[in-house]
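Notes for the structure review
The lines below spell out each chain.
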Amino acid sequence: MAGRRTDTRERIQQVALELFAERGYDKTTLQEVAERLQITRPALYYHFRTKEAILAGVVDRLVDSIDELVAWARQQPMTAESKREILRRIAELLADQWRPLIQFAQVNQGVMREVPAGERMRQGMISMLSLLAPPEAGPVRRFEARLAVLAVIMGNVPFLDDTDLPEEERVAVALEVAAKLVSEDG
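Residues numbered from 1 in each chain as written. Predicted model: local features only at pLDDT ≥ 70, side-chain atom pairs only at ≥ 80, totals over all residues. Heavy atoms only, no water.

Under an unreviewed UniProt entry, the name given to the protein chain is TetR/AcrR family transcriptional regulator, and the source organism is Nonomuraea deserti.

Now the structure itself:
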């Protein structure tokens, strides 16, 4: 029974995120979420009382995934190979399930500044952006490391994609660019 409840919660979050992206967070009602799911409002309220609670749940899952990745990455030696693996895992994390949330956050920056979940997501992203260069690295190296992570994000979440590349190829190109940015001779 617990698995079914979790599946329902995840489905609610997925559908709500789709509606938030389509209509905007502020214009989407819980009634619309319930209608899209073909459930009653009380059934929806059983899982989530507010839109903010739905968004917080989605962000919590993403940041938990980021935290796991960051913890793993900090245990790795900072070799070229491990940096490529970190970048690959970031791309995998985004491709798996987080692309809609990243797109939502980009489009709804005002909302993300206002809700507590937005600050949690911001802190998680900062942790991820800081992975590939130690604090003692020079400013150019730290900036290149952040750009590498952003390249992977942009390859997975095409905000302004005018390349006409298939998704798989676009991700591969982004990973190649990112690896160059963090290579020792980059």
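Looking at the UniProt feature "DNA-binding region" (unreviewed entry) in the protein chain
Put simply, the rule is: UniProt positions are given in the numbering used here, feature names are shortened, and annotations may be inferred rather than shown by experiment. Only DSSP runs of H or I reaching four residues or more are called helices, and only runs of E reaching two or more are called strands; each is numbered from the N terminus.
Here, the residues flagged by UniProt with the feature "DNA-binding region" (unreviewed entry) are residues 29–48. For the annotated span residues 29–48, helix accounts for 75% and strand for 0% of the residues, and the straight-line distance between the end C-alpha atoms is 13 Å.

Details of unusual backbone geometry
Across residues other than glycine, the phi torsion is negative in most instances, and most of the peptide bonds are trans. The phi torsion at Gln38 lies on the positive side, around 60°, for a residue other than glycine. With respect to the helices and strands, the residue Gln38 is situated in the loop between helix 2 (30–37) and helix 3 (41–47).

Some details on the nonpolar core
One broad rule of soluble globular proteins: the nonpolar side chains tend to lie buried together. Operational definition: Side-chain atoms within 4.5 Å link the members of a nonpolar core, which is a set of buried Ala, Val, Leu, Ile, Met, Phe, Trp, Tyr and Cys residues. Three labels apply to residues, based on accessible area from a 1.4 Å probe with only protein chains included: buried if under 20% of the type maximum, exposed if over 50%, partly exposed otherwise in between. Whether two residues touch is decided by their heavy atoms; if any such pair falls within 4.5 Å, the residues are in contact.
Among the nonpolar cores identified, the biggest contains 56 residues, and Leu55, Leu101, Phe104, Met121, Met128 and Leu132 are the most heavily contacted of them. Counting residues per element, the ones that place at least two in this core are helix 1 (2–23), helix 2, helix 4 (51–74), helix 5 (80–107), helix 6 (109–114), helix 7 (116–129), helix 8 (139–156) and helix 9 (167–182). Of the residues forming this core, the biggest block, 11 residues, is contributed by helix 5. Other than its neighbours up to four places away in sequence, Met128 contacts Ile66, Leu69, Val70, Ile90, Leu93, Val149 and Ile153.

A look at helix 7
Here is the rule we go by: Here a helix's expected span is defined as the number of its residues, less one, multiplied by 1.5 Å. Of all possible arcs, the one meant is that of the directions from the helix axis to the C-beta atoms.
An ideal rise of 1.5 Å per residue puts 20 Å on 14 residues; helix 7 measures up with 20 Å between its terminal C-alpha atoms. The complete set of buried residues in helix 7 reads Ala117, Gly118, Met121, Gly124, Met125, Met128 and Leu129. Down the axis, helix 7 shows its buried residues gathered within 135° of arc, on one side only.

Quick word on the pattern of salt bridges
Selection rule: By convention in these notes, a salt bridge is any Lys or Arg side-chain nitrogen within 4 Å of a carboxyl oxygen on Asp or Glu.
Taken as a whole and assessed by the stated rule, the structure comprises 12 salt bridges. One salt bridge in this structure joins Asp60 and Arg120, with 2.8 Å as the shortest N-O distance. With Asp60 in helix 4 and Arg120 in helix 7, the pair connects residues that are 60 residues apart, well separated along the chain. A relative accessible area of 31% means that Asp60 is categorised as partly exposed. Overall, Arg120 belongs to the partly exposed group, its relative accessible area being 28%. In this structure, Arg88 engages Glu85 in a salt bridge whose closest nitrogen and oxygen atoms are separated by 2.6 Å. With Arg88 and Glu85 both in helix 5 and 3 residues apart, the pair spans about one turn of that helix.

Re the side chain of Lys83
Positionally, Lys83 belongs in helix 5. Judged by relative accessible area, Lys83 falls into the buried class, the value being 7%. Apart from the residues lying within four places of it in its own chain, the contact partners of Lys83 are Met78, Leu132, Val182 and Glu184.

As for the packing of helix 4 against helix 7
Formally: Every angle, taken between N-to-C directions, lies between 0 and 180 degrees, and every axis is a line fitted to C-alpha atoms, over only the stretch in contact when it is a helix. Throughout this description, any angle smaller than 35 degrees is read as roughly parallel, any larger than 145 degrees as roughly antiparallel, any in the 65 to 115 degree range as roughly perpendicular, and the remainder as oblique. If you view the pair so one helix is near and one far, a crossing is left-handed when the near helix is turned anticlockwise from the far one by less than a right angle, and right-handed when it is turned clockwise. Note on residue classes: Ala, Val, Leu, Ile, Met, Phe, Trp, Tyr, Cys and Pro are nonpolar, Asp, Glu, Lys and Arg are charged, and everything else, Gly too, is polar.
Running from N to C, helix 4 and helix 7 cross one another at 20°; their axes reach a closest spacing of 9 Å. When the interaxial angle is binned, helix 4 and helix 7 end up roughly parallel. Crossing hand, helix 4 versus helix 7: left-handed. Class assignment for the residues of the contact of helix 4 with helix 7 results in 13 nonpolar, 2 polar and 6 charged.

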